[in-house]
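Notes for the structure review
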Amino acid sequence: MSGYKAIKLIEEEGIIILTIDRPKALNALNNDVFLDLIQAFTEDERVLGAKGVIITGTGDRAFAAGADISEFSELDEAGAMALSQRGQDIFHKIEHFHRPVIAAVNGFALGGGCELAMACHMRIAAENAKFGQPEVNLGILPGYGGTQRLVYLIGKGKAMELTLTGDMIAAEEAHRLGLANHVVPQEELLDKSKSIIAIIATKAPLAIAESIQVVNAALDQDKNGFAMEVAAFGRLAETEDFKEGSAAFLEKRKPSWSGK
Ligand code: COA
């Protein structure tokens, strides 16, 4: 599929590398980026059938420096609410994607860029990564789920501090707080991200998809994660892959997954 205006997709060994491609605006998330992300995660068979997705930004300066501020001038209350809801919806879709989605954060991940990274299942930071929620500098607040996901990831006290001060933190601090899973030299960023997806691709695909939903449920106040875990455990016990995985262990061989 083609027709993307603001992202680029390439496939490497079954892994999709989705690159936000607006380097002159530090990969700020404008309307085109959102439309492209929606298309990629809902319709694009290459993405839907991939082993996993790595989201990154063009160049070495930014993952994404936030929502595109040049699109803010005409916003009224209803328009801003619609924008926020659309952002939350697509980031929710990414968070609930059935295969792993990793943010490979090269440079600034600010505002909506930090929110996008937080919606991914993991964040790998290059040594030059900088994270922050600077919306208060503009007179607004994080509107794409950032007020909630930052609390989940680093705890309320630090999340409050970052949200209220608008301060940026560097990669090592993000790692210390649990916002970044790993910090690596910039030239190793994609390889590290790919290697994690490659490991996950050796596991039973239905177990991976169920695990993503149940782990997400831990932080969803509308869901009972413990009950979901019981139900998912039961569903997986009925799969061919569970029989194969157990048999392969006992026969001391590698399992061959059917995804059934
Ligand atoms: N929206 C639109 N354009 C953006 C942008 C954003 N969020 N962030 C950066 N840009 C543009 C700049 O306007 C500039 O464009 P220009 O070259 O046409 O003037 C270009 O990207 C480079 O940014 P610049 O500010 O010159 O780089 P810098 O190295 O001095 O500063 C940042 C980098 C990230 C600190 C700074 O760009 C910044 O604070 N950006 C906004 C971050 C933000 O508030 N995000 C939350 C939005 S809700």
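Below: a short report on this structure. Keep in mind that what you see is a predicted model, and the values were worked out from it rather than measured.

Some points on the packing of aromatic side chains
The tally for this structure, following the rule as stated, stands at 4 aromatic pairs. With 5.7 Å between their ring centres and 80 degrees between their planes, Phe91 and Tyr144 make a pair best called edge-to-face. Placement of the pair is Phe91 in helix H3 (residues 77-95) and Tyr144 in the loop between strand E8 (130-132) and helix H5 (146-154), with a sequence separation of 53 residues. Phe91 sits in the buried class, given a relative accessible area of 0%. Tyr144 gets classed as buried once you look at its relative accessible area, which sits at 6%. Among the aromatic side chains, those forming a connected cluster through ring pairs are Phe34, Phe91 and Tyr144.

What to know about the pairing of strand E7 (residues 122-126)
Of all 5 residues that make up E7, 5 are buried, and the element is covered over most of its length. With burial as the criterion, each face of E7 is covered, one bearing Met122, Ile124 and Ala126 and the other bearing Arg123 and Ala125. Relative to E7, strand E5 (residues 101-105) runs parallel, the two sharing 4 bridges. The residue of E7 that forms the bridge with Ile102 is Met122. With 3 bridges joining them, E7 and strand E10 (residues 182-184) adopt parallel strand pairing. From the neighbouring strand, Ala125 faces E10, where its bridge partner is Val183.

Reading the values: rules and limits
Residues numbered from 1 in each chain as written. Predicted model: local features only at pLDDT ≥ 70, side-chain atom pairs only at ≥ 80, totals over all residues. Heavy atoms only, no water. Phe/Tyr/Trp six-rings, centres within 6.5 Å; stacked < 30°, edge-to-face > 60°. Helix = DSSP H or I, 4+ residues; strand = E, 2+ residues; numbered from the N terminus. Buried < 20%, exposed > 50% of the residue type's maximum accessible area, 1.4 Å probe, protein only. Pairing = 2+ DSSP bridges.

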